[in-house]
Amino acid sequence: MKKVLFVFLLIALGVGGYFGYKYYINYSTEETVDVLQKVRVDRQTVRQIMDATGIMKSQVGAAIKIGARATGELKEVTVKVGDRVKKGQLLAIIDSRELFAAEEEALAQVALVQARYEYVLKNIDRVRRLVRQKVETQDALDQVQQEFLVAKQEIVAANARLKSVRIQISYTKIYSPIDGVVSLVAAQEGETVVSGLQVSNLVTVVDVSALELWIYVDETDIGAASKGQLVEFKVDAYPTKVFRGNIDQVYPEPEIRDEIVYYRALVRIGPDEAKFLRPEMTVHCSIVVDSIENTLSIPNNAVKWIKGKEQVYIVEGENKVKLVVPELGVVGRSRTQIVSGVKEGEFVATDIRFSKGGKRGTKVNPAKLANKKM
């Protein structure tokens, strides 16, 4: 009897030890997961963004160097740097006394040749009558007619000279050709302006509303930039304000800066936004390469890189997850588009913790949880 009890005890201990060891192995080695944070899969806008740096520039023709075509003493400068001016506004006056004297001389010359013309005109009629009466010869008439033609040409020349002098007088008053802001005054009252020399560039006026943005796109990203794309940008002067524009063109010629190849994308700036901006400002740009509205998406941190594949943990219950390999679309700055593999309304884990043999969490067998599409 004792022998039978002893054998039975050995069997019981063996069976108990076997199942206890098996439980210990499973409990100690099988991986469990705790879902620390999850989010609901829903529809939002996903935008693919390309960051770049740009510089604000004046458009071609926006900065006008206004010179002097007359020579003389600068009698008056009516503006200073920073003044806003209108098209046609007087900027400076050059001494015009010599030109006014030349105008008086030209007027006198016009009067002189006009008097001679009128005399010859009357004389030609008189000589013509005398020729008909055979008192004067035909040669006398021919001579008077020639004098008439000369007098007529002298009137034309005298009036042209008067017109030229008056044009030169107009150059002594310098007006702004555009609306803008004075950015440079190169000469002061009392200085002598010599036409044709560098000093004759008196005032520079900039149309501050005619701005454009030069975006420098790295050669590795230029394939994603194209005409019409939305650009959102900021400047340090207004760190909380977002400006917007569209790419007008992408230049084909490269620019090499610090041994890096860039291509320039050009954005025209509208007048409403130009009033906040200035030439040469540094601009922080975000080019919207692609934008999809109302599309199924998840946060980027819900996509896990596991064994060389982008995978997602779908939460099916309290710490119960299923590992799937979804088909992903556009990857934005904060969200990723879901094409298939995850349904709207499901929850995905964004923050999880793995452990081995702990009492909390659900045992995870990756081979069983992996999507069969893998």
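Let me sum up the structure you'll find in this document. (Residues numbered from 1 in each chain as written. Predicted model: local features only at pLDDT ≥ 70, side-chain atom pairs only at ≥ 80, totals over all residues. Heavy atoms only, no water.)

### Concerning the overall build of the chain
Argument step 1. Looking only at helices and strands, the chain has five helices and 22 strands in total.
Argument step 2. Expressed as a percentage of the 374 residues in the chain, the buried residues total 35%.
Argument step 3. For the chain, the share of sequence-separated contacts (at least 6 apart) that also reach a separation of at least 24 residues comes to 75%.
Argument step 4. Carbon and sulfur atoms form 53% of the exposed surface of the chain, whose accessible area is close to 23,200 Å². (Helix = DSSP H or I, 4+ residues; strand = E, 2+ residues; numbered from the N terminus. Buried < 20%, exposed > 50% of the residue type's maximum accessible area, 1.4 Å probe, protein only. Contact = heavy atoms within 4.5 Å. Areas by Shrake-Rupley, 256 points an atom, 1.4 Å probe, with all protein chains shown as cover.)

### Here's the deal with the pairing of strand β8 (residues 180-185)
Argument step 1. One ladder, built from two bridges, connects strand β5 (residues 84-85) with β8; its direction is antiparallel. Across the sheet, residue V85 finds its bridge partner in β8, namely G180.
Argument step 2. Looking at chain direction, β8 and strand β10 (residues 201-206) are connected through four bridges and run antiparallel. Counted as the bridge partner of V185 is V203 from β10. (Pairing = 2+ DSSP bridges.)

### So, unusual backbone geometry
Argument step 1. The phi angle at E259 is positive, at roughly 65°, despite the residue not being glycine.
Argument step 2. Positionally, E259 belongs in the loop between β13 (238-257) and β14 (260-268).
Argument step 3. Not every positive phi belongs to a glycine, and K307 is a case in point at roughly 50°.
Argument step 4. Of note, K307 is situated in the loop between β16 (303-306) and β17 (309-317).

### Details of the nonpolar core
Argument step 1. One finds M56, L213, I215, V231, F233, I269 and L277 to be the most contacted residues of the largest nonpolar core, which totals 22 residues.
Argument step 2. With four residues, strand β11 (residues 211-218) is the largest single contributor of residues to this core.
Argument step 3. Excluding residues within four positions of it along the chain, L213 makes contact with G54, I55, M56, F233, A265, L266, V267, I269, V283 and C285.
Argument step 4. Formed by 19 residues, the second largest nonpolar core is a distinct cluster that contains A70, V79, V193 and V203. (Core = buried A, V, L, I, M, F, W, Y, C linked by side-chain atoms within 4.5 Å.)

### Details of the pattern of salt bridges
Argument step 1. Within the structure shown, the criterion is met by 16 salt bridges.
Argument step 2. Residues D51 and R333 are paired through a salt bridge, measuring 2.5 Å at the closest nitrogen-oxygen approach. Note that D51 is positioned in strand β2 (residues 42-58) and R333 in the loop between β19 (327-331) and β20 (335-340), a separation of 282 residues in sequence. Each member of the pair, D51 as well as R333, is classed as exposed.
Argument step 3. The shortest N-O distance in the salt bridge between D83 and K80 comes to 3.4 Å. (Salt bridge = Lys/Arg side-chain N within 4 Å of Asp/Glu carboxyl O.)

### A closer look at the sheet that holds β10
Argument step 1. The strand order across the open sheet built from four strands is β3-β10-β8-β5, with neighbouring strands paired in antiparallel fashion. Edge positions in the sheet fall to β3 (63-67) and β5, since each of these pairs with one other strand and no more.
Argument step 2. In terms of strand pairing, β3 meets β10 through five bridges, oriented antiparallel. The residue of β10 that forms the bridge with A63 is V206.

### Details of the packing of helix α2 (residues 97-132) against helix α3 (residues 138-170)
Argument step 1. The contact between α2 and α3 brings their axes to 8 Å, and the two run at 160°. Classified by the angle their axes make, α2 and α3 are roughly antiparallel. As α2 runs across α3, the sense of the crossing is left-handed.
Argument step 2. Looking at the contact of α2 with α3 residue by residue, the classes come out as 23 nonpolar, seven polar and eight charged. (Axes fitted to C-alpha atoms, helices over the stretch in contact; angles between N-to-C directions. Parallel < 35°, antiparallel > 145°, perpendicular 65-115°, else oblique. Left-handed = near helix turned anticlockwise from the far one by under 90°. Nonpolar A, V, L, I, M, F, W, Y, C, P; charged D, E, K, R; others polar.)

### So, the packing of aromatic side chains
Argument step 1. With the rule as written, the count across this model stands at five aromatic pairs.
Argument step 2. Here F233 and F243 contribute two aromatic rings whose centre-to-centre distance is 5.5 Å and whose plane-to-plane angle is 15°, an arrangement assigned as stacked. Of this pair, F233 sits in strand β12 (residues 230-235) while F243 sits in strand β13; the two residues are 10 residues apart in sequence, bridging distant segments of the chain. The exposure classification of F233 matches that of F243, with both residues buried.
Argument step 3. Ring pairing ties together the aromatic residues F233, Y238, F243 and F276, which thus form one cluster.
Argument step 4. Its end group placed over the ring of F276, K241 keeps NZ or CZ at 4.7 Å from the ring centre.
Argument step 5. Looking at R264, its charged tip hangs above the ring of Y251, at a distance of 4.7 Å from the centre. (Phe/Tyr/Trp six-rings, centres within 6.5 Å; stacked < 30°, edge-to-face > 60°. Lys NZ or Arg CZ within 6 Å of the ring centre and 35° of its normal.)

### Quick look at the environment of V33
Argument step 1. Tracing the sequence through the fold places V33 in strand β1 (residues 31-40).
Argument step 2. Sequence separation between V33 and K320 is 287 residues; the distance between their C-alpha atoms is 8.1 Å.

### A closer look at the sheet that holds strand β4 (residues 72-77)
Argument step 1. Taking strand neighbours across the sheet as the criterion, the four strands line up as β7-β6-β4-β9 in an open arrangement whose pairing is antiparallel. Two strands close off the open sheet at either side, each with one partner strand: β7 (173-175) and β9 (192-193).
Argument step 2. Pairing analysis gives two bridges linking β4 to β9, with the strands arranged antiparallel. Paired with E73 across the strands is T192, a residue of β9.

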